[in-house]
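This is what each chain is made of:
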Amino acid sequence: MSTTKRAYNFNAGPSALPLEVLEKAQKELINYNHTGMSIMEMSHRSKDYDEVHNEAIRRLKKIFSIPENYEVLFLQGGASLQFTMVPMNFLKENQTASYILTGSWSEKAFKEAKLFGNVVEAASTKDNEYRNIPNIEDIQFNASDAYVHLTSNNTIYGTQWREFPNTGDVPLVADMSSDIMCRPIDVSQFGIIYAGAQKNLGPSGVTVVIIRKDLIEKANTEIPTMLKYKTHADKNSLYNTPPTFGIYMLGEVLRWVEDQGGLEAIEKRNEEKAKLIYEVIDESNGFYKGHAEPNSRSLMNITFRLADEELEKQFLAEAKEAGFVGLNGHRSVGGCRASTYNAVPVEACQALREFMINFQKKHQ
Ligand SMILES: *Cc1c(COP(=O)(O)O)cnc(C)c1O
């Protein structure tokens, strides 16, 4: 065990990684599997790397119960490049794609898709300052749509979908960057799931794409090679040099998820963690004001405000002093945010809970 003091890390992304994973990576850093070199220094065509790569794919499929008719890809360019790749591959002329707007990231995805063709709003909760997820029955789309796009967890506003719309034959595309694998879900509801790894899965630099195989075959063909899903699917994400160290780390995080008891256990722990903090907000008599409506609250990003900016500044300053990191809200909305991703330990949430209770006692 390491004796290094670890921060109470509530960063929104990149964010906390499991200590066990970091320690294993440290141990293997300069001599991976008796090769006399680091994973970073070996060919992406070598046998050792090949095992790491395929093991990560295999683990992801197993833990997330991904059906046989889906491909798992490791791409680069972050979730942000998926905002481009999705419409570039799937939006055809004379077709429309529908976007459900629930926060800044879905707005960005929507804006990017406009560059490629016809897009429409399927629903939006902007008028309510993105405090909620729309009712499923209020979502409008057409049977002829190329796809319907949603953001499963709104990192900045702190809301999360509980159940997903049934879009029938229209592929449902989900940006799951900030809540992928925080709980078990039925992958078969989706045509495409994508996520930057740096919140729940590993370090930044690798983007996971889970895509139904039949869609890959139907994609537009007159687009750049590197931006075609088919290019990467045909070569098992080894068309060009992949982010090898990031994929190795992702594989180790997946191993850790397995060791924790898989996604049922992870979900239970996440619920316990989030409850520790939401409870303080709810029992504070308005000292802490949650941004999200209770039935749309995120398990991953807990957003709240205090009476005024002065008090928020004080809160953040004292929190920093006490060893908490990353509690400031996103620069676009202000306030406070605790990101309680999979790797954030229960003890860190317990410590934050106590800090919040004591801060209120001192300042109300
Ligand atoms: C962080 C985040 C992104 C941006 O991811 P990059 O990998 O930085 O491009 C997109 N969508 C959501 C929901 C996010 O949380």
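Keep in mind that what you see is a predicted model, and the values were worked out from it rather than measured.

**Looking at the overall build of the chain**
Phase 1 of the analysis: The secondary structure content of the chain amounts to ten helices and 14 strands.
Phase 2 of the analysis: The globule rule puts the C-alpha radius of gyration for 364 residues at 21 Å, and the 21 Å found for the chain is close to it.
Phase 3 of the analysis: With the principal axes as the frame, the chain shows a C-alpha extent of 60 × 55 × 30 Å.
Phase 4 of the analysis: Taking all 364 residues of the chain together, 56% fall into the buried category.
Phase 5 of the analysis: For the chain, restricting intrachain contacts to residue pairs at least 6 apart in sequence, the fraction spanning at least 24 positions comes to 67%.
Phase 6 of the analysis: In the structure as shown, the chain presents an accessible area of about 16,600 Å², 47% of it carried by carbon and sulfur atoms.
Phase 7 of the analysis: Seen as two clouds, the 40 positive and the 47 negative side-chain charges of the chain have centres 3 Å apart.

**Considering the site of the ligand**
Phase 1 of the analysis: For the ligand, the set of nearby residues contains 13 residues, the closest of which are Ser80, Thr155, Asp175, Gln198 and Lys199.
Phase 2 of the analysis: Within the side chain of Gln198, one N or O atom sits 2.9 Å away from an oxygen atom of the ligand.
Phase 3 of the analysis: Expressed as a share of its isolated accessible area of 390 Å², the protein-covered part of the ligand is 87%.
Phase 4 of the analysis: Per-element tally for the shell around the ligand: the top contributor is helix α3 (residues 78-90), with four residues.
Phase 5 of the analysis: When its residues are assigned to classes, the shell around the ligand shows three nonpolar, eight polar and two charged.

**Looking at the pairing of strand β14 (residues 336-339)**
Phase 1 of the analysis: In β14, alternate side chains face the same way, and those of Cys336 and Ala338 on one face and Arg337 and Ser339 on the other are all buried.
Phase 2 of the analysis: Sheet topology note: the strand β12 (residues 301-305)/β14 ladder contains four bridges and is antiparallel. Paired with Ile302 across the bridge in β14 is Ala338.

**A few points about the sheet that holds β12**
Phase 1 of the analysis: Spatial strand order, β11-β12-β14: three strands in an open sheet with antiparallel pairing. Because the sheet does not close on itself, it has two edges, and the strands there are β11 (289-290) and β14.
Phase 2 of the analysis: Set on the sheet, helix α8 (residues 262-282) makes contact with β11 and β12; between it and β12 the angle comes to about 15 degrees.

**Thoughts on a nonpolar patch on the surface**
Phase 1 of the analysis: On the surface, Leu29, Ile30 and Met40 cluster together into a nonpolar patch covering about 310 Å² of accessible area.
Phase 2 of the analysis: Examined against the element boundaries, Ile30 turns out to sit in the loop between α1 (19-28) and α2 (47-63).
Phase 3 of the analysis: In this structure Ile30 comes out as exposed when scored by relative accessible area, which is 68%.

**Here we look at the sheet that holds strand β4 (residues 118-124)**
Phase 1 of the analysis: Strand order in this open sheet of seven strands is β2-β10-β9-β8-β5-β3-β4, and the pairing throughout is mixed. Looking at strand neighbours, the two that pair on one side only are β2 (70-75) and β4, the edges of this open sheet. Strand after strand, the sheet turns through a mean of 20 degrees between neighbouring axes, direction not considered.
Phase 2 of the analysis: Sheet topology note: the strand β5 (residues 148-151)/strand β8 (residues 172-175) ladder contains four bridges and is parallel. What sits directly across from Val148, in β8, is Leu172.
Phase 3 of the analysis: In this fold α2 packs onto β2 and β10 (207-212), with an angle of close to 130 degrees to the strand it touches most, β2.

**Digging into the packing of aromatic side chains**
Phase 1 of the analysis: Taken as a whole and judged by the stated rule, the model has 21 aromatic pairs.
Phase 2 of the analysis: Centroid distance Phe83 to Trp105: 6.4 Å. Interplanar angle 45 degrees. Geometry classified as tilted. Of this pair, Phe83 sits in helix α3 while Trp105 sits in helix α4 (residues 104-114), placing them 22 residues apart in sequence.
Phase 3 of the analysis: For Phe83, a relative accessible area of 5% puts it in the buried group.
Phase 4 of the analysis: A relative accessible area of 24% places Trp105 in the partly exposed class.
Phase 5 of the analysis: Both rings, one in Tyr288 and one in Phe315, keep their centres 5.9 Å apart while their planes meet at 70 degrees; by these two values the pair is edge-to-face.

**Side note on the pairing of β2**
Phase 1 of the analysis: A large share of β2 lies buried, amounting to six of its six residues.
Phase 2 of the analysis: The alternating pattern of β2 places Tyr70, Val72 and Phe74 on one face and Glu71, Leu73 and Leu75 on the opposite face, and all of these are buried.

**Some thoughts on the nonpolar core**
Grouped burial of nonpolar side chains is what soluble globular proteins tend to show.
Phase 1 of the analysis: Counting 53 residues, the largest nonpolar core has Leu60, Phe64, Phe74, Ile180, Ile193, Ile210 and Leu250 as the members making the most contacts within it.
Phase 2 of the analysis: Counting residues per element, this core draws most heavily on helix α7 (residues 244-259), at eight residues.
Phase 3 of the analysis: Excluding its chain neighbours within four sequence positions, the residues that come into contact with Phe64 are Ile180, Met181, Arg183, Ile185, Val187, Ile193, Ile210 and Leu263.
Phase 4 of the analysis: Within the second largest apolar cluster, 35 residues are counted, among which are Ile277, Ala319, Val346 and Ala351.

**With respect to the domain arrangement of the chain**
Phase 1 of the analysis: Partitioning the chain into domains gives domain 1 (22-258) and domain 2 (262-363).
Phase 2 of the analysis: Look at where the C-alpha atoms of domain 1 and domain 2 centre, and you get two points 27 Å apart.
Phase 3 of the analysis: The partner domain 2 presents 28 residues to the 29 residues of domain 1 that form the contact.
Phase 4 of the analysis: When the two sides are added together, the surface that domain 1 and domain 2 hide from each other amounts to roughly 2,200 Å², 53% of it contributed by carbon and sulfur.
Phase 5 of the analysis: Counting every contact that joins domain 1 to domain 2 gives zero salt bridges.
Phase 6 of the analysis: In this structure, the connection of domain 1 to domain 2 is made through 17 residue pairs in polar contact (both at pLDDT 80 or more).
Phase 7 of the analysis: Elements that contribute at least two residues to the side of domain 1 that touches domain 2 include exactly β6 (153-154), β7 (159-160) and α7.
Phase 8 of the analysis: Counting residues per element, the side of domain 1 that touches domain 2 draws most heavily on α7, at three residues.
Phase 9 of the analysis: The class makeup of the residues in the side of domain 1 that touches domain 2 is twelve nonpolar, ten polar and seven charged.

What counts as what
Residues numbered from 1 in each chain as written. Predicted model: local features only at pLDDT ≥ 70, side-chain atom pairs only at ≥ 80, totals over all residues. Heavy atoms only, no water. Helix = DSSP H or I, 4+ residues; strand = E, 2+ residues; numbered from the N terminus. Rg over C-alpha atoms; globule rule 2.2 N^0.38 Å. Buried < 20%, exposed > 50% of the residue type's maximum accessible area, 1.4 Å probe, protein only. Contact = heavy atoms within 4.5 Å. Areas by Shrake-Rupley, 256 points an atom, 1.4 Å probe, with all protein chains shown as cover. Lys, Arg positive; Asp, Glu negative; His and termini not counted. Charge placed at Lys NZ, Arg CZ, Asp CG, Glu CD. Near = heavy atom within 4 Å. Polar contact = N/O pair within 3.5 Å; in protein donor to acceptor, adjacent residues only side chain to side chain. Nonpolar A, V, L, I, M, F, W, Y, C, P; charged D, E, K, R; others polar. Pairing = 2+ DSSP bridges. Axes fitted to C-alpha atoms, helices over the stretch in contact; angles between N-to-C directions. Patch = residues over 30% accessible without salt bridge, like charges linked within 9 Å, V, L, I, M, F, W, Y side chains within 5 Å. Salt bridge = Lys/Arg side-chain N within 4 Å of Asp/Glu carboxyl O. Phe/Tyr/Trp six-rings, centres within 6.5 Å; stacked < 30°, edge-to-face > 60°. Core = buried A, V, L, I, M, F, W, Y, C linked by side-chain atoms within 4.5 Å. Domains from an automatic or database assignment. Buried area = accessible area lost by both parts, 1.4 Å probe.

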